[in-house]
Amino acid sequence: MVTKGMRVGKYELGRTLGEGNSAKVKLATDTVSGQSFAVKIIDKSRTSRLNVPFQIKREIRTLKVLKHPNIVRLHEVNVSIVDGKTWIVVIEFLLW
Ligand SMILES: Nc1ncnc2c1ncn2[C@@H]1O[C@H](COP(=O)(O)OP(=O)(O)OP(=O)(O)O)[C@@H](O)[C@H]1O
């Protein structure tokens, strides 16, 4: 389970920013640079039912090519980190 205050690699997880069908999005601080990011946490057990791996790959592919001030930038993709059933995708944190 992913909880507040938990360290995932160089990221320290903070509060939950939002939740979608396939992912929970948490605020995270890069403990090396001090920068804030949104970290998308994907539960593998929720993904197999919905063919989400395909959707995630498509989202990553799309975010990699899109560069626009109104679209969040993909910062890093980091998979299979927590307890073998959670995937993590780190995307640039957007304030709104
Ligand atoms: N970069 C971000 N910065 C701040 N909050 C974000 C960011 N990305 C997502 N969120 C929050 O998390 C919520 C869920 O994100 P998102 O809709 O991308 O999840 P998802 O599960 O991948 O989507 P879907 O429901 O379409 O499958 C958003 O509605 C928003 O509140």
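Predicted model, so just to flag it, every value in this text is computed and none were measured.

### Here's the deal with the environment of arginine 73
Here comes step 1: Along the chain, arginine 73 falls in the loop between α2 (52–65) and β5 (74–82).
Here comes step 2: C-alpha separation for the pair arginine 73 and leucine 63, spaced 10 residues apart in sequence, amounts to 6.5 Å.

### What to know about the UniProt feature "binding site: ATP" (unreviewed entry) in the chain
Here comes step 1: Cross-referencing UniProt, the feature "binding site: ATP" (unreviewed entry) maps to Lys40 in the present numbering.
Here comes step 2: Along the chain, lysine 40 falls in strand β4 (residues 36–43).
Here comes step 3: Exposure remark for lysine 40: the relative accessible area of 18% places this residue in the buried category.
Here comes step 4: A polar contact is formed between the side chain of lysine 40 and the side chain of glutamate 59, at a distance of 2.8 Å.

### Let's talk about the nonpolar core
Here comes step 1: Val8, Tyr11, Leu13, Ala28, Phe37, Val39 and Ile41 together form the largest nonpolar core, which totals seven residues.
Here comes step 2: Here this core takes three residues from β4, the largest share from any one element.
Here comes step 3: Counting residues in each nonpolar core, the second largest holds six residues, with Ala23, Ile42, Ile56 and Leu74 among its members.

### Structural notes on the packing of aromatic side chains
Two numbers describe a pair of aromatic rings. These are the distance of the centres and the angle of the planes.
Here comes step 1: Enumeration over the complete set of coordinates arrives at one aromatic pair.
Here comes step 2: Ring geometry for tyrosine 11 against phenylalanine 37: centres 5.9 Å apart, planes inclined by 90°, an arrangement best described as edge-to-face. In this pair, tyrosine 11 is assigned in strand β2 (residues 11–19) and phenylalanine 37 in strand β4, connecting sequence segments 26 residues apart.
Here comes step 3: You can call tyrosine 11 buried: its relative accessible area is 3%.

### Examining the pattern of salt bridges
Here comes step 1: The tally for this structure, following the rule as stated, stands at two salt bridges.
Here comes step 2: A salt bridge links lysine 10 to aspartate 30, with the nearest nitrogen and oxygen atoms 3.5 Å apart. Here the residue lysine 10 occupies a position in the loop between β1 (7–8) and β2, and aspartate 30 occupies one in strand β3 (residues 23–30), the gap between them amounting to 20 residues.
Here comes step 3: Measuring nitrogen to oxygen at the nearest pair gives 2.8 Å for the salt bridge that ties glutamate 59 to lysine 40. Placement of glutamate 59 in helix α2 and of lysine 40 in strand β4 is noted, with a sequence separation of 19 residues between them.
Here comes step 4: Judged by its relative accessible area of 35%, glutamate 59 is partly exposed.

### Notes on the pairing of β2
Look at any regular strand and the pattern is simple: side chains alternate between the two faces of the sheet.
Here comes step 1: Bridging between β1 and β2 involves two bridges; their strand directions are antiparallel. Opposite arginine 7, over in β2, you have glutamate 12 as the bridge partner.
Here comes step 2: Between β1 and β2, which follow one another and run antiparallel, lie two residues, and glycine 9 among them has a positive phi close to 60°.
Here comes step 3: With six bridges joining them, β2 and β3 adopt antiparallel strand pairing. Within the sheet, the bridge partner assigned to glutamate 19 lies in β3 and is lysine 24.

So, how was this worked out
Residues numbered from 1 in each chain as written. Predicted model: local features only at pLDDT ≥ 70, side-chain atom pairs only at ≥ 80, totals over all residues. Heavy atoms only, no water. Helix = DSSP H or I, 4+ residues; strand = E, 2+ residues; numbered from the N terminus. UniProt positions renumbered as here; feature names shortened; annotations may be inferred. Buried < 20%, exposed > 50% of the residue type's maximum accessible area, 1.4 Å probe, protein only. Polar contact = N/O pair within 3.5 Å; in protein donor to acceptor, adjacent residues only side chain to side chain. Core = buried A, V, L, I, M, F, W, Y, C linked by side-chain atoms within 4.5 Å. Phe/Tyr/Trp six-rings, centres within 6.5 Å; stacked < 30°, edge-to-face > 60°. Salt bridge = Lys/Arg side-chain N within 4 Å of Asp/Glu carboxyl O. Pairing = 2+ DSSP bridges.

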